[in-house]
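For reference, the chains in residue letters:
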Amino acid sequence: MSTQGTPERQTHPETHHQTHREIHREVVAARSPWSWVLRAGQELQVIDLDGNQAVDFLAYDAHDTARAYSVQATLQDQDSVFLTTGSVLRDNEHEPLLTVVADEVGRHDTLGGACSKESNTLRYGHHTWSQHACVENFLVELSRHGMGKRDHVSNVNWFMNVPVDPDGALGIVDGISAPGLSLRLRAEKDTLVLVSNCPQVNNPCNGFDPSRAEMVVSERA
Ligand SMILES: [Zn+2]
């Protein structure tokens, strides 16, 4: 670290956009999937553009997709069931895939899983069978990388609010995020990331009105 900075510089630390060069920026439409291969060291900012929008998320070692994100390995390594700044997303061999390096929301879920036609019909009735769900998004996006149902693992739900009651009960309740809030992830190795911008309309996870998310990929300048 340089000791030659002016006093002004020392009291005004460099911001992210001064230290990072943007590589890619894309708005993911409501209800849509998205994926990207992050190179080691690159960062992904996930922005809840319109607020209260769950962004379901999968991650795999880009060179060996049998090494997939593991909820258990990730939670074993930290003292909380929620994800926030400092959380390390680990694969099933307990190796770091991604680290949460910034978080404006405070906590994110990785227990509630992804919505599916099957879970919708169980929870909300047979009339929801024809509704598009996150699992369908993931299967479409996985197929673009030569992967299928066997590769589909448990996921993260960025911006989704799933409080854990003292008796262990889980709920899916109104979000604590707000328009424009975001988090940033740093890839610890080359990592394939997949997103389902959640289409759910039967519970409050998207404010009953699925909306946009924005993805910004950057690397150190
Ligand atoms: Zn969903």
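In this text the structure is predicted, and so the values were computed from the model without any measurement. (Residues numbered from 1 in each chain as written. Predicted model: local features only at pLDDT ≥ 70, side-chain atom pairs only at ≥ 80, totals over all residues. Heavy atoms only, no water.)

J.: Could you clarify how one ought to interpret the pattern of salt bridges in this entry?
T.: Two side chains that carry opposite charge are able to pair once their charged atoms sit near each other. Tallied over the full model, the rule gives 14 salt bridges. Of the charged contacts, one joins Arg144 and Glu141 as a salt bridge, the two residues approaching to 2.4 Å between their closest N and O atoms. Classification of Glu141 by relative accessible area gives buried; the value is 4%. One network of salt bridges, in which partners are shared, links Asp61, Arg67, Asp91, Glu95 and Lys189. (Salt bridge = Lys/Arg side-chain N within 4 Å of Asp/Glu carboxyl O. Buried < 20%, exposed > 50% of the residue type's maximum accessible area, 1.4 Å probe, protein only.)

J.: Can you help me understand the coordination of the zinc ion in this one?
T.: Octahedral metal centres with six donors ideally show angles of 90 or 180 degrees, and tetrahedral centres with four donors ideally show 109.5 degrees. Bound to the zinc ion are the protein donor atoms Cys115 (SG), Cys134 (SG) and Cys198 (SG), situated 2.2 to 2.3 Å from the metal. Each donor residue of the zinc ion lies on the same chain, and together they follow the pattern C-x18-C-x63-C. Within this pair, whereas Cys115 is found in the loop between strand S7 (96-103) and helix H4 (117-124), its partner Cys134 is found in helix H5 (residues 134-143), the two being separated by 19 residues in sequence. On the basis of relative accessibility, which here comes to 0%, the residue Cys134 falls in the buried class. (Donors = N, O, S within 2.8 Å, 3.2 Å for Na, K, Ca; no water. Helix = DSSP H or I, 4+ residues; strand = E, 2+ residues; numbered from the N terminus.)

J.: Please clarify how the environment of Ser130 should be interpreted in this entry.
T.: Topologically, Ser130 is positioned in the loop between H4 and H5. Spatially, the C-alpha atoms of Ser130 and Pro199 are 12 Å apart, while their sequence positions differ by 69 residues.

J.: Could you clarify how one ought to interpret unusual backbone geometry in this entry?
T.: Trans is the prevailing form of peptide bonds, just as negative phi is the prevailing case for residues other than glycine. In this structure, His94 takes a positive phi of about 70° despite not being glycine. Within the fold, His94 resides in the loop between strand S6 (88-90) and S7. Using a relative accessible area of 38% as the deciding quantity, one classes His94 as partly exposed. The phi torsion at Phe208 lies on the positive side, around 60°, for a residue other than glycine. Following the sequence through the fold, Phe208 ends up in the loop between strand S10 (191-197) and strand S11 (213-220).

J.: Please clarify how the state of the cysteines should be interpreted in this entry.
T.: A disulfide bridge is the covalent bond that connects two cysteines by way of their sulfur atoms. In the structure shown here, the tally under the stated rule is zero disulfides. This cysteine, Cys205, is not joined by any disulfide, and Cys198 carries the nearest cysteine sulfur, 4.1 Å off. (Disulfide = S-S within 2.5 Å.)

J.: Would you explain a nonpolar patch on the surface in this entry?
T.: A cluster of nonpolar side chains, contributed by Val81, Leu111, Val164 and Leu170, occupies part of the molecular surface with about 280 Å² of accessible area. One can find Val164 in the loop between strand S8 (156-158) and strand S9 (181-187). Judged by its relative accessible area of 36%, Val164 is partly exposed. (Patch = residues over 30% accessible without salt bridge, like charges linked within 9 Å, V, L, I, M, F, W, Y side chains within 5 Å. Areas by Shrake-Rupley, 256 points an atom, 1.4 Å probe, with all protein chains shown as cover.)

J.: I'm lost on the sheet that holds S11 in this one. Help?
T.: The strands making up a sheet are joined through hydrogen bonds of the backbone, oriented either antiparallel or parallel. Taken in spatial order, the six strands of this open sheet run S1-S11-S3-S9-S7-S6, and their pairing is antiparallel. Strands with a single pairing partner mark the edges of an open sheet, and in this sheet they are strand S1 (20-28) and S6. Recorded for the sheet is a direction-independent mean angle of 25° between the axes of neighbouring strands. Of the strand pairs in this sheet, S1 and S11 are connected by eight bridges, and their pairing is antiparallel. Looking across to S11, one finds that His24 is bridged to Val217. (Pairing = 2+ DSSP bridges. Axes fitted to C-alpha atoms, helices over the stretch in contact; angles between N-to-C directions.)

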